[in-house]
Amino acid sequence: MVLGIICLFALLFLLALFCKFRYYVKVDKKGSDLPWRYYAKISWFLGIIKLVAKNGKDPQLRILGYKLYLEKDKEKDKEKDKEKDEEKSAKEKTSKEKSKPKTKEESKKPKSKFSLKELKNKIPKGLNKQNIKAAVDITKELLKKIGPKKFRIRGKIGFEEPHNTGLALAAISAVSAASAKFDIIMQGDFEEQALELNVDISGGFRLIALIKPTLKLYKLYKLIEKE
């Protein structure tokens with residue numbers, strides 16, 4: 001019996017390490033005067049666990065289709081916030097009544113002198129250029145693991161000044177050319193202000209892939225702390 005429970009936990013642990021986190025984000029804006037709309041979904045454990053968030057609704061956590069995170073009662077939340085604001089204003093009022101006006105001598109505070117030597121003493125000795133570069137490289141490795149596999153943008157952009165629209169389009173095309181993951185097609189409106197966007201972002205990662213860079217970062221932190 002005990003051996004069976006241990007094997008079950010070991011199996012769940014391995015599944016947790018090797019099952020892929022998948023995420024999808026969609027952001028939509030159909031006009032400069034219209035509000036932003038969004039939809040986001042994160043799934044794990046072969047889709048058994050899902051977290052969904054979208055416009056006008058509270059995030060929902062679902063396990064095997066069962067909703068665990070129920071929508072909040074917004075009216076009750078508003079009443080609680082109102083009560084908190086009233087209590088806060090009452091406390092501020094009493095504190096103002098108790099406080100006495102300060103004299104000129106009391107109001108004058110000595111200016112704190114900023115010293116570069118004190119700042120240098122606070123910085124750990126192990127935080128040198130080599131360790132900073134190593135930390136940046138490890139962080140890049142982590143971001144590469146969890147970064148999106150698909151990044152697509154479609155839309156139209158326009159500013160009051162036509163040359164600003166041209167500069168924006170040039171910057172967007174440069175970003176798109178910098179990475180194969182970015183798929184950006186933007187049209188320019190050189191006559192009037194415009195903002196229409198349709199953004200799709202999706203990706204996934206496994207926890208097992210994050211263990212090595214996380215351990216590297218932890219070891220580097222301990223090394224800097226010791227020095």
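Located above this text is the structure these notes cover.
Residues numbered from 1 in each chain as written. Predicted model: local features only at pLDDT ≥ 70, side-chain atom pairs only at ≥ 80, totals over all residues. Heavy atoms only, no water.

(A) Expanded view of a nonpolar patch on the surface. Together, Met 1, Val 2, Ile 5, Ile 6, Leu 8, Phe 9, Leu 11, Leu 12 and Leu 15 give the surface a local cluster of nonpolar side chains, amounting to about 940 Å² of exposed area. Summarising the element assignment, Leu 8 is placed in helix α1 (residues 2-18). Relative accessible area serves as the criterion here: at 49%, Leu 8 is assigned to the partly exposed category. (Patch = residues over 30% accessible without salt bridge, like charges linked within 9 Å, V, L, I, M, F, W, Y side chains within 5 Å. Areas by Shrake-Rupley, 256 points an atom, 1.4 Å probe, with all protein chains shown as cover. Salt bridge = Lys/Arg side-chain N within 4 Å of Asp/Glu carboxyl O. Helix = DSSP H or I, 4+ residues; strand = E, 2+ residues; numbered from the N terminus. Buried < 20%, exposed > 50% of the residue type's maximum accessible area, 1.4 Å probe, protein only.)

(B) Geometry of the packing of aromatic side chains. Applying the stated criterion across every chain, the model contains five aromatic pairs. Each ring, one from Phe 21 and one from Trp 44, has its centre 4.8 Å from the other, and the planes form 5°; the classification is stacked. On the criterion of sequence distance, the pair formed by Phe 21 in strand β1 (residues 20-29) and Trp 44 in strand β2 (residues 37-44) is long-range, its members being 23 residues apart. Given a relative accessible area of 18%, Trp 44 falls into the buried group. Within the aromatic cluster, the residues linked to one another by ring pairs are Phe 21, Trp 44, Phe 45 and Phe 205. (Phe/Tyr/Trp six-rings, centres within 6.5 Å; stacked < 30°, edge-to-face > 60°.)

(C) Summary view of the sheet that holds strand β8 (residues 194-206). Read across the sheet, eight strands follow the order β5-β4-β3-β2-β1-β8-β6-β7 without closing on themselves; strand pairing throughout is mixed. Both edges of this open sheet fall to β5 (66-67) and β7 (182-188), since each of them pairs with a single strand only. Against the sheet, helix α6 (residues 162-178) engages β6 (150-158) and β7, with an angle of about 165° to β7. (Pairing = 2+ DSSP bridges. Contact = heavy atoms within 4.5 Å. Axes fitted to C-alpha atoms, helices over the stretch in contact; angles between N-to-C directions.)

(D) Representation of the pairing of β2 within the structure. With seven bridges joining them, β1 and β2 adopt antiparallel strand pairing. Note on β2: the bridge partner recorded for Lys 26 is Tyr 39. Across six bridges, β2 lies against strand β3 (residues 49-54) in antiparallel orientation. Residue pairing for β3: Ser 43 is matched across the bridge by Lys 50. Here β2 folds back onto β3, and the loop between the two strands holds four residues, one of which, Phe 45, carries a positive phi near 60°.

(E) Representation of the environment of Trp 36 within the structure. Along the chain, the position of Trp 36 falls in the loop between β1 and β2. What makes Trp 36 partly exposed here is its relative accessible area of 43%. Sequence separation between Trp 36 and Leu 197 is 161 residues, and the spatial gap between their C-alpha atoms is 9.2 Å. Those residues in contact with Trp 36, other than ones at most four positions away along the chain, are Val 27, Asp 28, Lys 29, Asn 55, Leu 195 and Leu 197.

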